[in-house]
Structures are given as C-alpha cells and as structure tokens.
Amino acid sequence: MHPPSSDKRVETLPEATILFAGDSGDGMQLTGSQFTLATAYARNDLATLPDFPAEIRAPAGTTYGVSGFQLHFGEVDIRTPGDEVDLLVAMNPAALKVNLRRVRPGGSIIVNVDAFEDKNLKLAGYDTNPLEDGSLRDYHVVPVELTRLTREALKDSPLNQKEIDRSKNMFALGLALWLYSRPIEPAIAWLNKKFAKKPVIRDANLELLKKGYHYGETTEQFLVRYEIRPAHLAPGTYRAIRGAEALALGLVAASRASGLPIFYGSYPITPASELLHELSRLKNFGVITFQAEDEIAAVGAAIGASFGGSLGVTGTSGPGLALKTEAIGLALMTELPLVVVDLQRGGPSTGLPTKTEQSDLLQALFGRNGDAPLPVLAASTPGDCFEVAYEACRIAVQYMTPVILLADGYLANGAEPWRIPDLDRLPPFSVRFADKPNHAHNGEAAFLPYVRDEATLARPWARPGTPGLEHRIGGLEKQHETGNVSYDPENHQLMTRLRAEKVERVAREYPPTEVFGDPEGDLLIIGWGSTRGTIEAAVETVRQRGRRVGSIHLRYLNPLPPDLKEHFGRFRHLLVPELNNGQLVRLLRDRYLLPFIPLNKVQGLPFTRSEIVGRINEILS
C-alpha cells in the first residue's frame, strides 16, 4: 500500500461505504470492480452492490440511465453493502440526483463539475444547479474538473475526443484509491493485461489512473485521507468472488468429486447469462456449455445429457423458469438428476431485469402441473453460492431428482472475500451407474428401471448402450419397478407418493438448524436467500440495545428442516423479511399455524439494516 503523503492528515476509519455513479457508458461497474479488487488486496472485509439500468445504452444524462456500484468495506465484519454512503463519486447531474438520498448527512460528494451544464441539468430534471443553489449544504462537496483534467492529461494521445472522455473513470478511480489509501498496483496490473494488444488505450488509462492518484496528493481540496486497517479474517487463502463465479466453481467442484462431466444448457437472460459466461471459461475442467435457441431447448438438452450419464445443469431467471416448467416435470417423471439454477430478478414478465428480487419461491415450489415436489435450495451470500451449487448437485445425483437452486441478481453480481475451501473436506458423494440386470424373470435376467434404493428411494441410473439395461423413458406415468407405461389408478397414486417421499427423505441429511444471536427470547427472524447479511447485521444492532433477538436463515426450502418448530417455540415474535410480497411467510403460516409477521420489499433493491431494525423496534415496542 502506498504510504500517505507527508502533508496530508490521515484519519483511521473502521469502515466506509463508497458509491461510483454515472451514465451507463461511464464505466462505473469497471471502476467499482477495480476499487473492490484493490480493497481485497488491502485485506479488508467487503460487500458490493452493482446497480445498472436494463437498457444496453440508456439515453446519456437521464436519471433512468444511471449506473452505480456501491462498496462497503472495513476492518470490521461487513455483512451488507452499506445503508448510507460516505463518499459519492457523481460523474453527472443525473448520478447526483438518483443517489443523493443514499449519502449520509455530512458525507462527501466528488462531482465532475464539467458535466453540470444546462443541457445535463435539464435532462436530470434540475431547475437550478445544485452546486450553486445551496441544496447540498449538508454535504462536503468536492468539485473536480474531471473532463478538463482528462483531456489535458491526454492532449498528446492519438485517441479521439470521445475515447478520451470515456476514459475519465480511470482518473476518478485513481483519486478514490488515493483518498482511501488503497493500493494502485492491482489496477495497473489489470490494465496491462486487459489492453496488452491495444497499447494506445492501455497507456492512456494508465496515465489517467496515475494522474488521478497524484491529483489527490497535490490538490488542496483534500486535507484528509483515510486509512482502513486489514480485517481480522480467519486464516486461509482468500479471493474476492462474485456469486456467478462461485456458482460456476461449485458446479465444477461437484463434477470433480463425482467424476461426472458437467453439461450446461442455457439461453441468454439477465442475470443468469453471467453463469454461462463463467462456465464457458472452464472448458479445461471438461465443462460443456451449450447456448440453445430458447429456454425449452436448453433444459431439454440438459435432461438429455443426464440421460446419457452426464450431470445436466440449466440456468435461467424467473421468465425462463416458467418456460422450463414442463421439461422440469419430465425430468421429475423420468427421475433423472438435473440442477436448475434460478437467478431471480424483479417481475412479473420482463419486470425489472437488472434489479434483484426473491419473487420465484412459490414458482420453484409449486410451478408445475400435477403433484411434482422437488428439493429447493437457496444461496445466502456470493461465497455461499459455491457450497449450495455443490450441494444441489450432490442431492440431484444421490436422489435421482431435479433440484432447483435459487439465487438472485444481487448475489450473482455482488462480491465478498471468499476463503478458498479445502476440496478434500467437501462432502463426498459417489456415483454408481447400473451395470447389470437387477431382476430375474422366468429364469432370465432383466432390468427394472424403477426398483428403488431402500434409503433414498432413488432409482438406478442406467447409461444408454449398457448391454441388457434397455428401458423405457418418457413423460407418461410409469408402472412401479418395470417402468412400463401405466394408466392404473392405484399405481399412479403409489408413484406420486413415492416421488414425494423421496424428496422428503432429503431432510434426513440436514445438519441441525443454527440460530444466529440469542437462542430464545423476544423475536426470531426467519430469512432465506440474499437477505442474510442484512438480517444478521440488524440482529447484532438490536442485541446491542439489550433485546434478545435471533435469526434463522434457511438454505433448504423444500423440504423444510425438521427441527424448525422447536426453535419457533422459544420466541415471542416471529418476523419474516422477504424481497417479495410475502411468499415464505405463507408457507410457514400454512405449515406451522403460527402468527408469522411479514416484512416485504419489492423495489429492486436489497433491504437496508435500518429497515429491518425499524420493524423489529415496532414489534417489540
């Protein structure tokens, strides 16, 4: 890390939240990602919140075209991307208007003063210039001529004016790195690698990065810079990881542990396309990625891969999950392993394709014709996506069933420090293909494809072409054991019960449910998915005020853990926060007949700690 300048006062902070915001073409996601990388190198704990418009290139200067990247980092335990922003870097008036509400009173705002022209002010909906009308008096505003300084630094560059102006985010990155005493070397190394074959662009960006850093050292606008000491993380090797990366690595780890090649069939859809991109980079691990012509073809190909002896995986978001419904029922009827990754987004229909939501839970549980229960799991943090992907694969293979894995856009795009696991300590799971007939009939060997394992009720997995193991496959109801087509009423009821019982038996392997915070007391929070960090931060806050509060976070949503009821009975109040209009709370009320209290948010944004703390205080008051 660079030593602080001798003429600048250094203030040590336990944590900070920074937000980069500008037009979708200003490179804010890149800027935030590089600041995150530098923060990881500085060994801080962190959590990120990328936030970008649905349009590929929204009209420049408009509020609905603003792209942002928020990062909360510190030496303390970081569970959320931050409630309030300490520093906003606003590249234009629209970025200021959209994000000013996030900045804490007394917080700092660095603005590209060159962008505050009449045209841009009108596009953002300002009647007067906020830099001049006194509306920002509660904040520490630092006007920086980002555009002019960028042009001046690259006046001798062969890049054209448009290319030069697009590079100003590197000046802003360098300044922010200096302000928070972040190392500049990771960004330099990234630029050298990224633009190795484009030396003109590489040199221009490197020049601006260093100019921005030097500007912080020399300007009199900053009399203080900040330093945040390394976090006290558990021993191990760490890397910053996004949820999409962790999902891909979890699937590959399952492939290596089981010996099964991964086949990933997918159709592009936000935000699940990121998983396709990540897996396509892992071909050296035997991963086969297939971009199909539509969602139905993608899941059909994955089912075919599982029938052939591979581990079929398909990924999508809410609208795509609806399209895959019939084929998922086929995988259930044929009892083949299949992992369906649903990266949820705002809905219904196209909805808010780049915003986060937890609105697919009921669809995952019940969105199929007939009685068609499936194991449903949910990841809770970007790093947790690795373990849940591995677990979903293990359950699918051990129980010969489709499994739905729920994550969301916040998890897929968000990042956190991830301790790289010891692969030898991952839960083992073996794969045993049928290799010989399992039944004798009239003195002749025969293969019955629906004879079940006594413990798991899984049927045997027979690869096509194995001598003597020919059997029927398809969506029509199967006769018990033989697999022949059957319309017998009693057989249909038996097979429906067996398929449901097989899913219920998955719960026999669950570890005991853990309670975060107090094991009994005033209030228990029950959450699932990406709300975990915010819920636990709220629990910590309220416990410091003397309340006895705990939380349970559900990884397994179907079947539910068998020990939940005993935990529920130890608290006076039960609160269920969800990024939907109340889905898990309906399930819990139906199952346990207890007065669960909902807390719902459908704004395309995650909960803040203060929102959950406020609801807890209302209940307990």
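Predicted model only: the values in this text are computed from it and were never measured. (Residues numbered from 1 in each chain as written. Predicted model: local features only at pLDDT ≥ 70, side-chain atom pairs only at ≥ 80, totals over all residues. Heavy atoms only, no water.)

Enquirer: Looking at this structure, I do not really get the overall build of the chain. What am I missing?
Expert: Per the secondary structure count, the chain includes 21 helices and 24 strands. Expressed as lengths along the three principal axes of its C-alpha atoms, the size of the chain is roughly 95 × 60 × 45 Å. When burial is assessed residue by residue, the chain has 56% of its 621 residues classed as buried. Nonlocal contacts in the chain, meaning residues at least 24 apart in sequence, comprise 76% of its contacts between residues at least 6 apart. (Helix = DSSP H or I, 4+ residues; strand = E, 2+ residues; numbered from the N terminus. Buried < 20%, exposed > 50% of the residue type's maximum accessible area, 1.4 Å probe, protein only. Contact = heavy atoms within 4.5 Å.)

Enquirer: Would you mind showing me how to read the pairing of strand E23 (residues 571-578) here?
Expert: Here is the key point about a regular strand: its side chains alternate between the two faces of the sheet. With six of eight residues buried, E23 lies mostly within the body of the structure. Bridge count between strand E20 (residues 521-528) and E23: four bridges; the pairing is parallel. Among the inter-strand pairings, Leu524 is bridged to a residue of E23, identified as Leu574. In terms of strand pairing, E23 meets strand E24 (residues 597-600) through four bridges, oriented parallel. Residue Glu578 lies in a different strand from E24, and its bridge partner there is Asn600. (Pairing = 2+ DSSP bridges.)

Enquirer: Explain the side chain of Thr513 here, please?
Expert: Assignment of secondary structure puts Thr513 in the loop between helix H17 (489-504) and strand E19 (516-517). Residue classification places Thr513 among the buried positions, given a relative accessible area of 15%. Of the polar contacts made by the side chain of Thr513, one reaches the side chain of Asp563; its length is 2.6 Å. (Polar contact = N/O pair within 3.5 Å; in protein donor to acceptor, adjacent residues only side chain to side chain.)

Enquirer: How should I be thinking about the nonpolar core in this particular structure?
Expert: General note: in soluble globular proteins, nonpolar side chains tend to be found buried as a group. Membership of the largest hydrophobic core comes to 92 residues, with the highest contact counts inside it found for Leu279, Leu406, Ile526, Leu554, Leu557, Leu584 and Phe596. Sequence-distant contacts of Leu554, defined by excluding residues within four places in its chain, comprise Ala378, Ile526, Gly527, Trp528, Gly529, Leu560, Pro561, Leu564 and Leu584. Residues Phe35, Ala38, Leu154 and Ala176 belong to the second largest nonpolar core, which totals 46 residues. (Core = buried A, V, L, I, M, F, W, Y, C linked by side-chain atoms within 4.5 Å.)

Enquirer: Would you mind going over the sheet that holds strand E21 (residues 549-554) with me for this structure?
Expert: Remark on secondary structure: sheet strands pair via backbone hydrogen bonds, oriented parallel or antiparallel. If you walk across this open sheet you meet the five strands as E19-E21-E20-E23-E24, and the pairing is mixed. The two strands at the open ends of the sheet, each matched to only one other strand, are E19 and E24. Each of E19, E20, E21 and E23 is contacted by helix H18 (residues 532-543), which is oriented at about 170° to E21, the strand it contacts most. (Axes fitted to C-alpha atoms, helices over the stretch in contact; angles between N-to-C directions.)

Enquirer: Which parts of the structure should I look at to understand the environment of Ala458?
Expert: Note on placement: Ala458 falls in the loop between strand E18 (444-446) and H17. For Ala458, a relative accessible area of 8% translates into the label buried. The spacing of Ala458 and Gln70 is 388 residues in sequence and 46 Å in space, taken between C-alpha atoms. With sequence-adjacent residues up to four places away left out, Ala458 is seen in contact with Gln398, Tyr399, Met400, Val451, Arg452, Asp453 and Lys502.

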